[in-house]
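# Descriptive analysis of the structure
One-letter residues, chain by chain:
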Amino acid sequence: MLRLKGAGKTYPGDQTVLLPSDLIVEKGEFVSIIGPSGCGKSTLLDIIAGVNSPSTGSVHYRGKDITNQTGHAGYMPQSDVLFPWRTILENVILPLELQGTGKDKAREEALSLFPQFGLEGFEHHYPSMLSGGMRQRANFLRAFLSGRDLLLLDEPFGKLDAMTRLDLQKWFISICETSGKTALFITHDMDEAIYLSDRIAVFSPRPGRIIEQIPVPFGRPRTEHILTSPEFLSMKQKLLNLLHSENKSETR
Ligand SMILES: Nc1ncnc2c1ncn2[C@@H]1O[C@H](COP(=O)(O)OP(=O)(O)O)[C@@H](O)[C@H]1O
Ligand SMILES: [Mg+2]
């Protein structure tokens, strides 16, 4: 469904943040990208979303070159993108409005999803009146409402406390599994990457490159029981070794 061919980024002044990278995401797959802060993860996602230009390589979606084009994926950037002066409902219908859907139809479509996203009763609230977890669900609903089959999600649970995070992860898994969406997900949290994904692409420190791609040995539907299984721990050890070995080679 998605294919990166040698996509890399060098900023003026020869600051390479992302080395030419190849990545394939199949339809229905959930792929995580994990790597240390500043290794170019957000840059990579921006390039795929078409909001940042690669210096090398190209992005292909369903066989077509979409480099520098927006609108092919539902995109949830790292920062909270809710406008404080718009209600939650008016915020989440933005992608539909941008696609030219009429306001009434957009509202109707969005409202039907509020219960599933745990936002029922908050349609006409402003973002500042919601908890962090609810705001993230609203950000996610906004990306989801783009109607695109591919979701690009940049550390959506990054700023939440551990309990809220686990609740949201559980909920998120069920939404992804039932909607059949394809997802490319960025995180710096190993537990999160293993719990959610079918495959994990491990990045080196800046300038980022994919060190290795590891399949996650758990099927679906997935439950939180895997979190305490021996397979989970050995997977985590594998990730730790990879991330650690790269850190050491960088400082040599
Ligand atoms: N316009 C820019 N010019 C130069 N460097 C930049 C620019 N934008 C981002 N960077 C650098 O690119 C690196 C990678 O950033 P980012 O993709 O956000 O990393 P990550 O998401 O993995 O933490 C960072 O070191 C950042 O400072
Ligand atoms: Mg980032």
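Residues numbered from 1 in each chain as written. Chains lettered and ligands numbered in written order. Predicted model: local features only at pLDDT ≥ 70, side-chain atom pairs only at ≥ 80, totals over all residues. Heavy atoms only, no water.

Protein ligation of the magnesium ion (ligand 2) involves Ser 42 (OG) and Gln 78 (OE1), the donor distances falling in the range 2.0 to 2.3 Å. With Ser 42 in helix α1 (residues 41-49) and Gln 78 in the loop between β6 (74-76) and α2 (88-92), this pair connects stretches of sequence that are 36 residues apart. Judged by its relative accessible area of 22%, Ser 42 falls in the partly exposed class. Accessibility expressed as a relative area gives 37% for Gln 78, which makes it partly exposed. (Donors = N, O, S within 2.8 Å, 3.2 Å for Na, K, Ca; no water. Helix = DSSP H or I, 4+ residues; strand = E, 2+ residues; numbered from the N terminus. Buried < 20%, exposed > 50% of the residue type's maximum accessible area, 1.4 Å probe, protein only.)

Here we take up the domain arrangement of the protein. Examined at the domain level, the protein breaks down into domain 1 (2-73 + 149-251) and domain 2 (82-147). Its C-alpha centre places domain 1 at a distance of 25 Å from the equivalent point of domain 2. Every contact between the two is made by 13 residues of domain 1 and, on the other side, 11 residues of domain 2. Summing the contributions of domain 1 and of domain 2, the shared interface buries around 1,000 Å²; its carbon and sulfur component is 72%. At the junction of domain 1 with domain 2, the criterion picks out 2 residue pairs in polar contact (both at pLDDT 80 or more). (Domains from an automatic or database assignment. Contact = heavy atoms within 4.5 Å. Buried area = accessible area lost by both parts, 1.4 Å probe. Polar contact = N/O pair within 3.5 Å; in protein donor to acceptor, adjacent residues only side chain to side chain.)

Bringing the packing of aromatic side chains into the picture now. Tallying each qualifying case throughout the model produces 13 aromatic pairs. For the ring pair Phe 140 and Phe 172, a centre distance of 4.9 Å and an interplane angle of 65 degrees mean the geometry is edge-to-face. You can see Phe 140 sitting in helix α5 (residues 132-144) and its partner Phe 172 sitting in helix α6 (residues 162-179), a full 32 residues away along the chain. A single burial state applies to Phe 140 and to Phe 172, both of which are buried. The interplanar angle of 80 degrees and the centroid separation of 5.5 Å between the aromatic rings of Phe 157 and Phe 172 together place this pair among those described as edge-to-face. Here Phe 172 lies in helix α6 and Phe 157 lies in the loop between β7 (150-154) and α6, a separation of 15 residues in the sequence. Each member of the pair Phe 157 and Phe 172 is classed as buried. (Phe/Tyr/Trp six-rings, centres within 6.5 Å; stacked < 30°, edge-to-face > 60°.)

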